[in-house]
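So the chains spell out like this:
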Amino acid sequence: MKNVRAHFFILLVLIVATLGCSNATVSTNSDPSLNAQVTLNAFSLGNDFPPDIQIADIPGMRSTAFVVSFSPAGVIPINLDTNPLTVSSQFESLDLSGVTGVGFPNNVLLFSPTAALLLGSEGLVYFNPTTGVVFQIVPLTDPIQLTQTLEYSRAGDCDFDSVPESSVGPGPFSPGFPADLAVIDSRVFVTMSNGCFDVDFSSFYIQGILLVFDLNDSPPFLTPASTPFLVLEGFNATGLTVANGKLIVTNTGDTALSGAVSTPETPSILEEVDPNSLEITRSLNLGMVAANFGSIAVTSDGSRGFIGSSAFSEVYEINLDNLSVIRGAANPIQIFNSEADFITDQKLNESGDILFVSSGNHMAVRVIDLTSPDLTVLPDILDFSFPGNPSASGAGPMAIRPGIPGEDFSGPDLIVLTGSPGTVSAAKTY
């Protein structure tokens, strides 16, 4: 059986259940004696499988973690300056319970104290994080007019008419399964992964679509751009990354799931989009690696990027200047000594010398020393497993608190979501 790799399913494999804490040592070439303390359940969300977290590097917002919640559906602002963590009194929760046209919440993106976007499985919500007021909900699955044919990742009966098909279009087409969003200047981009299911619930994909909206200063705030969508080369369009003024789209590719083993069936492809001309300028075929759904972790100079696999315990290094592979399928950065894994996220620390990598299968975060010539994976492990659940998975999406640890703030600098129970957990790594 296959499994749809839409982002809002990212933590459905996480089955964790009690509370605890652990310690680990993290070291780099510059300081071999960093002690990292992990605190599980720094904040209990009261619902399972939180799909996203963001701490915006914006004045007045750096001490608040905005966590996407399934139930109640919406966004919860968490005050990082309290111990234990509490709901913010500066920002309002976005409660979309009973609101139609949104679907399952997926990703949040903040770009000022009064403006933010929430991506749902049906619609895009433009709201004020300070007041919780919703300005606009834009439907994402309304039909678009294709002028070309979209291929299927394999023949299948996407429209349940008992006739397997291998393509769709030209003509009207309803995109589905929104996966990620990004903002560059006054443009908003949304990936549509276009997942399909057979009657036995095995999944496949139609070529990905990138929706494009203009962000206006007055209502209607979000309107279709002059080029309202782009047809992508790959299948299962997921993560979006802003790097060097361009947009990079991750096409994860189709995968076959058998038990706990996920096998790529189509290649992962990165596509670079010019946000001004709205043209795809370059692409890179990563091969059969099942690149994960998170944004690529980009170095401060914009020259290199890192992305993990949703099938293997591997991370890949990309040259973003010429869009080429440095460490790919032939020479990956091995995270755990196991083949099957789900690298749920990758984040650079504030100083940019280490890369945190979260593993769903291993319930842990590992650290790559970017100052070492061979990109050493440090031996110590930040353990986010919950006692009493030996077969569970726990480490999901992550966020780094902006600022200099120990100077701009005290307490944890790495915030990690766990799945079931859904918690905001944390680590102090300095």
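Our subject is the structure listed above.
The rules behind each value
Residues numbered from 1 in each chain as written. Predicted model: local features only at pLDDT ≥ 70, side-chain atom pairs only at ≥ 80, totals over all residues. Heavy atoms only, no water. Core = buried A, V, L, I, M, F, W, Y, C linked by side-chain atoms within 4.5 Å. Buried < 20%, exposed > 50% of the residue type's maximum accessible area, 1.4 Å probe, protein only. Helix = DSSP H or I, 4+ residues; strand = E, 2+ residues; numbered from the N terminus. Contact = heavy atoms within 4.5 Å. Salt bridge = Lys/Arg side-chain N within 4 Å of Asp/Glu carboxyl O. Disulfide = S-S within 2.5 Å.

## Quick look at the nonpolar core
Leu 124, Val 190, Ile 209, Phe 213 and Leu 222 are the most contacted members of the largest nonpolar core, which has 29 residues in total. Those elements that place two or more of their residues in this core are strand 9 (115-120), strand 10 (123-127), strand 12 (144-146), strand 13 (150-156), strand 17 (187-192), strand 20 (207-215) and strand 21 (222-235). Looking at which element gives the most residues to this core, the answer is strand 20, with 4 residues. Non-local contacts of Leu 222, meaning those with residues more than four positions away in its chain, are made with Leu 117, Leu 124, Tyr 126, Gln 136, Val 138, Val 188, Phe 213, Asp 214, Leu 215 and Asn 216.

## A word on the pattern of salt bridges
A side chain of one charge can pair with a side chain of the opposite charge if their charged atoms are brought near each other. Per the counting criterion, the structure on display carries 8 salt bridges. When the shortest N-O distance is used, the salt bridge between Glu 317 and Arg 304 registers 2.9 Å. Taken together, the positions of Glu 317 in strand 30 (residues 314-319) and Arg 304 in strand 29 (residues 304-308) put the pair 13 residues apart, joining distant regions of the chain. Taking relative accessible area as the criterion, Glu 317 reaches 5% and is therefore assigned buried. Residues joined in a network through salt bridges with shared partners are Lys 246, Glu 272 and Arg 282.

## A few points about the state of the cysteines
Tallied over the full model, the rule gives 1 disulfide. Shown here is the disulfide that connects Cys 158 with Cys 196, its sulfur atoms set 2.0 Å apart. One quick way to see it: the torsion about the S-S bond of Cys 158 and Cys 196 is about -70°, and its sign makes the bridge left-handed. Taken together, the residues span a long stretch of sequence, with Cys 158 in the loop between strand 13 and strand 14 (165-168) and Cys 196 in strand 18 (residues 195-197) at a distance of 38 residues. On the basis of relative accessible area, Cys 158 is assigned to the partly exposed category, the value being 24%.

Everything listed is a geometric property; what it means functionally is a separate question.
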